[in-house]
Each structure stands twice: as C-alpha cells, then as structure tokens.
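Examining the three-dimensional arrangement
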Amino acid sequence: MRSFITIIFVLLSGTLGAYSQTALEFACTTKQPQSESDFKQWANKSVRHIITKDEKTAFLKLTTAADRNAFIERFWTKRDPNPDTAENEFQKEYCERIVETDQFESGIPGWMTDRGKIYIVWGKPDKIEKGYSTFKDNFNVPYEKWFYEYIAGCCGGVEITFIDPTETGEFRIFKPSKVNLDLVECSECGSL
C-alpha cells in the first residue's frame, strides 16, 4: 500500500506546489518522521485537519520515535475502511484531497485555506454555486456556495458559503462562528 502511495506522490510531485509537498511529506510517503521537528510537522501539518484533539494530545506526550511511529501506524489503520485490502483507502483519498487543494491556493497554501480545510475533511462538494453576493455587509463580492447532499457519519443537506471580500481568491467561510474547522466529527449539521 505505501509503495502505491509513494508512486502516486512521485508521479504527481512534478505538478505539486511546494506547500502540498510539505503537507504530504509524512502522510503520503514511506518516509517516517524521526526528529522532534518531523513529528510536530506530522501532527501540525500532515494530519492537522483529521487528527482529533485527544489523539494529538496523546501523540505529543509520547517521547520515543518508536512509540510515535507506532502511533502513526495505528492512526492510519484505525481509519482504514477495509483492513482486508493491502491499500488504506482512507489514507489514499486523504492524500489525493490534499493535492487537489492546490486549486485553492491564494498566497496561502490551499490545504490551509477555509475551502481547503473543508475539502480535505468532507471531500468534493456535490454542487458549487458561484456569483456575486447580495449580503448586507459584503455586497457584490465573489462568493461560492458548496452543497453536500450527504456527509458520511454526519448528516445531509449541508451548505457552506465562502466569500472573497478582498477579491484575491482567498475565500473565507461567511459565517465562521457556526463551523469548527478543527473538528473531524460533525456536531451540528445544516446551513453553515
């Protein structure tokens, strides 16, 4: 499985931005973190949008490289939807999503933007509506409205509106108080 992901990474690396390569370094290659800096990069970049707070706390308490690498292996194994196959389909999809977030780059790495975070966690929206807003405080600025018919393990009918008030391509969630981008689990569903 890891060799397959490595092959994909090598094939795509010519088209990847430097930001995606950094985010992918320990999530989508066979390279294992070794130094304190590497382990922090794994937790803070490579899996930052899918690691739970409890997992991150437990991981950072570990003191040896062997314990931390064993944790990383369990982290991915726990998320594997079909452990009977050689490939971890979740990890493969996750890596592909990170690569795909390059399309959201706006001076900020795509995987760190609001659209990138949502895309990594929930995937490609079922429908995207684009236009210029008629919102009272943000009139006539570009917007994107993403629609998800169903989010596995969560709910259906999710709608997220992003606006770009500076018109620089950096779309931000319009109502951020209703969205906790650090959570993998859905606690509320509906119009965000």
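This is a predicted model, so every value here is computed, not measured. (Residues numbered from 1 in each chain as written. Predicted model: local features only at pLDDT ≥ 70, side-chain atom pairs only at ≥ 80, totals over all residues. Heavy atoms only, no water.)

Bringing unusual backbone geometry into the picture now. Although it is not a glycine, Asn140 adopts a positive phi angle of roughly 60°. With respect to the element layout, Asn140 can be found in strand β2 (residues 139-151). Phi angles above zero are rare outside glycine, and Glu167 is one such case at about 55°. (Helix = DSSP H or I, 4+ residues; strand = E, 2+ residues; numbered from the N terminus.)

Turning next to the sheet that holds strand β4 (residues 172-173). The strand order across the open sheet built from four strands is β1-β2-β3-β4, with neighbouring strands paired in antiparallel fashion. Either end of the sheet is taken by a strand with one partner, and the two such strands are β1 (127-134) and β4. With eight bridges joining them, β2 and strand β3 (residues 155-163) adopt antiparallel strand pairing. Bridge pairing in β3 links Ile151 to Cys155. Sheet strands in contact with helix α7 (residues 114-122) are β2, β3 and β4, and its direction is about 10° off that of β2. (Pairing = 2+ DSSP bridges. Contact = heavy atoms within 4.5 Å. Axes fitted to C-alpha atoms, helices over the stretch in contact; angles between N-to-C directions.)

We now examine the packing of helix α3 (residues 36-46) against helix α5 (residues 65-79). At a minimum axis separation of 11 Å, α3 and α5 run at an interaxial angle of 20°. Regarding the angle of α3 to α5, the classification is roughly parallel. Of the two possible hands of crossing, α3 and α5 adopt the one that is left-handed. Across the interface between the two elements, Glu36, Phe39 and Trp42 of α3 pack against Ala65, Arg68, Asn69, Phe71, Ile72, Phe75 and Trp76 of α5. Residues that form the contact of α3 with α5 fall into these classes: seven nonpolar, one polar and two charged. (Parallel < 35°, antiparallel > 145°, perpendicular 65-115°, else oblique. Left-handed = near helix turned anticlockwise from the far one by under 90°. Nonpolar A, V, L, I, M, F, W, Y, C, P; charged D, E, K, R; others polar.)

In an α-helix there are 3.6 residues to a turn, and that puts residues three or four apart on one side. Of all nine residues making up α7, nine are buried, and the element is well covered by its neighbours. For α7, the set of buried residues is Asp114, Arg115, Gly116, Lys117, Ile118, Tyr119, Ile120, Val121 and Trp122. At its buried positions, α7 is contacted by α6 (89-100), β2, β3 and β4. Once α7 finishes, Gly123 follows within two positions and takes phi at roughly 85°, a positive value. (Buried < 20%, exposed > 50% of the residue type's maximum accessible area, 1.4 Å probe, protein only.)

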